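Examining the three-dimensional arrangement
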Amino acid sequence: MEREPLTPETETLWRRLWEIWQENDEADVVLDSTTLADLEEEIPELRNRAKTALAYLQRARYVQYRSGVGEEGLEPILFDVYEPR
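Computed from a predicted model, the values in this text were never measured in an experiment.

1. Digging into the pattern of salt bridges
Going through the model one piece at a time under the given rule, you end up with five salt bridges. Arg16 is the partner of Glu19 in a salt bridge, and the nearest nitrogen-oxygen pair spans 3.2 Å. Taken together, the positions of Glu19 and Arg16, both in helix H1 (residues 8-23) and three residues apart, correspond to about one turn of that helix. Residue Glu19 is classed as partly exposed on the basis of its relative accessible area of 40%. Close ionic contact of Glu42 with Arg16 constitutes a salt bridge, the shortest N to O distance being 3.0 Å. Linking Glu42 in helix H2 (residues 33-42) with Arg16 in helix H1, this pair joins segments that are 26 residues apart in sequence. Three or more residues are tied together by salt bridges with common partners; here these are Arg16, Glu19 and Glu42.

Parameters and conventions
- Residues numbered from 1 in each chain as written.
- Predicted model: local features only at pLDDT ≥ 70, side-chain atom pairs only at ≥ 80, totals over all residues.
- Heavy atoms only, no water.
- Salt bridge = Lys/Arg side-chain N within 4 Å of Asp/Glu carboxyl O.
- Helix = DSSP H or I, 4+ residues; strand = E, 2+ residues; numbered from the N terminus.
- Buried < 20%, exposed > 50% of the residue type's maximum accessible area, 1.4 Å probe, protein only.

See below:
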């Protein structure tokens, strides 16, 4: 399957999401506001853009997530990440 190319910061996010998902034994991961803020701190180019980058990764078929209700309203719940090469 051919996927759209990623910018360096979205590729870094994809690889980081893979690590987070693996650390959670490939179970669902709630990307709450704290987790998203941590990701934005790790990848400064994504500051205030983490949710947009996450939506792009889903549209481009690098990750799959759904919205769920968490403590802070609707939050992305990551349920699949395609393995980086």
